[in-house]
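Spelled out, the chains give:
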Amino acid sequence: MPEHTVVTREEITDVEFDWFAADTQGHVAQFLAAGDPHVPEAALASEELLEAVHVWIDTRPEREEPNAPAGGFDEHLTPPQRRGAYVYDHVPEEPGVYRLVAAPRQPLKLEEFPERLRSYLLGLILPTVFGAGRIRVGEDGKAEALQG
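Here we summarise the structure given alongside this text. None of these values were measured; they are calculated from a predicted model.

1. Focus on helix 2 (residues 47–58)
Line of reasoning, step 1. In this model, helix 2 (12 residues) spans 16 Å end to end at C-alpha, consistent with the 16 Å of a helix rising 1.5 Å per residue.
Line of reasoning, step 2. Taken as a whole, helix 2 has its buried residues at Leu49, Leu50, Ala52, Val53, His54, Trp56 and Ile57.
Line of reasoning, step 3. Close packing links the buried residues of helix 2 with strand 1 (18–22), strand 2 (28–32), helix 3 (79–82) and helix 4 (115–122).

2. Comments concerning the environment of Gly71
Line of reasoning, step 1. Mapping Gly71 onto the fold places it in the loop between helix 2 and helix 3.
Line of reasoning, step 2. For the pair formed by Gly71 and Ile125, sequence separation is 54 residues and the distance between their alpha carbons is 28 Å.

3. Focus: the nonpolar core
Across soluble globular proteins, nonpolar side chains show a tendency to be buried alongside one another.
Line of reasoning, step 1. Grouped together as the largest cluster of nonpolar side chains are 38 residues, with contacts concentrated most on Phe17, Trp19, Phe31, Tyr88, Phe113 and Phe130.
Line of reasoning, step 2. Of all the secondary structure elements, the ones that give two or more residues to this core are strand 1, strand 2, helix 2, strand 3 (86–90), strand 4 (97–102), helix 4 and strand 5 (134–137).
Line of reasoning, step 3. No other element matches the 6 residues that helix 2 contributes to this core.
Line of reasoning, step 4. With residues up to four places along the chain from it excluded, the contact list for Trp19 reads Ala29, Gln30, Phe31, Ala33, Val39, Pro40, Ala43, Leu50, Tyr98, Leu126 and Val137.
Line of reasoning, step 5. In this structure, Leu32, Val87, Val101 and Ala102 belong to the second largest nonpolar core, which totals 5 residues.

4. Overview of the packing of aromatic side chains
Line of reasoning, step 1. Under the criterion given, the structure shown has 8 aromatic pairs.
Line of reasoning, step 2. With a centroid separation of 4.2 Å and 10 degrees between ring planes, the pair formed by Trp19 and Phe31 is classed as stacked. In this pair, Trp19 is assigned in strand 1 and Phe31 in strand 2, connecting sequence segments 12 residues apart. For the pair Trp19 and Phe31, a shared accessibility class is recorded, and that class is buried.
Line of reasoning, step 3. Aromatic pair Phe31 and Tyr88: ring centres 5.3 Å apart, planes at 15 degrees, arrangement stacked. Highlighted residues: Phe31 in strand 2 and Tyr88 in strand 3, separated in sequence by 57 residues. Note on accessibility: Phe31 and Tyr88 belong to one class, buried.
Line of reasoning, step 4. Ring-pair connections join several aromatic residues into one group, and the members of that group are Trp19, Phe31, Tyr86, Tyr88, Tyr98 and Phe130.
Line of reasoning, step 5. Stacked on the ring of Trp56, the Lys or Arg Arg60 has its end atom at 4.2 Å from the ring centre.

Thresholds applied
- Residues numbered from 1 in each chain as written.
- Predicted model: local features only at pLDDT ≥ 70, side-chain atom pairs only at ≥ 80, totals over all residues.
- Heavy atoms only, no water.
- Helix = DSSP H or I, 4+ residues; strand = E, 2+ residues; numbered from the N terminus.
- Expected span 1.5 Å × (residues − 1).
- Buried < 20%, exposed > 50% of the residue type's maximum accessible area, 1.4 Å probe, protein only.
- Contact = heavy atoms within 4.5 Å.
- Core = buried A, V, L, I, M, F, W, Y, C linked by side-chain atoms within 4.5 Å.
- Phe/Tyr/Trp six-rings, centres within 6.5 Å; stacked < 30°, edge-to-face > 60°.
- Lys NZ or Arg CZ within 6 Å of the ring centre and 35° of its normal.

Here's what the structure looks like:
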């Protein structure tokens, strides 16, 4: 059995797929791709490590109250934020574009992760700072904050 199962773009097209990344300050975010296959190649490298990051964040104690700036529908997306992760959701009809749906007051840092998961996330550092209202992320791992 292989140690790492690569996730294919075909597998994530038109289905919910969550992936994680860090920014240049070492803050961590969960990205909800919502069927958009335009995610960084590095996010697809290991289904096992991706799942392990998901479980690690999901089992952390909550450290703050929900903070969904837009409120409404976004409020159900705050569990990772309550544990310290930024949460970005894919913008329909805009490949690779995500909008901020929940922002932690006390961001989770890479240094808090176990070494094995930290090593995986080091390959997913996006050249941006989380907290921007909209971010475009490329398959090559490049990223930029967008206006508006």
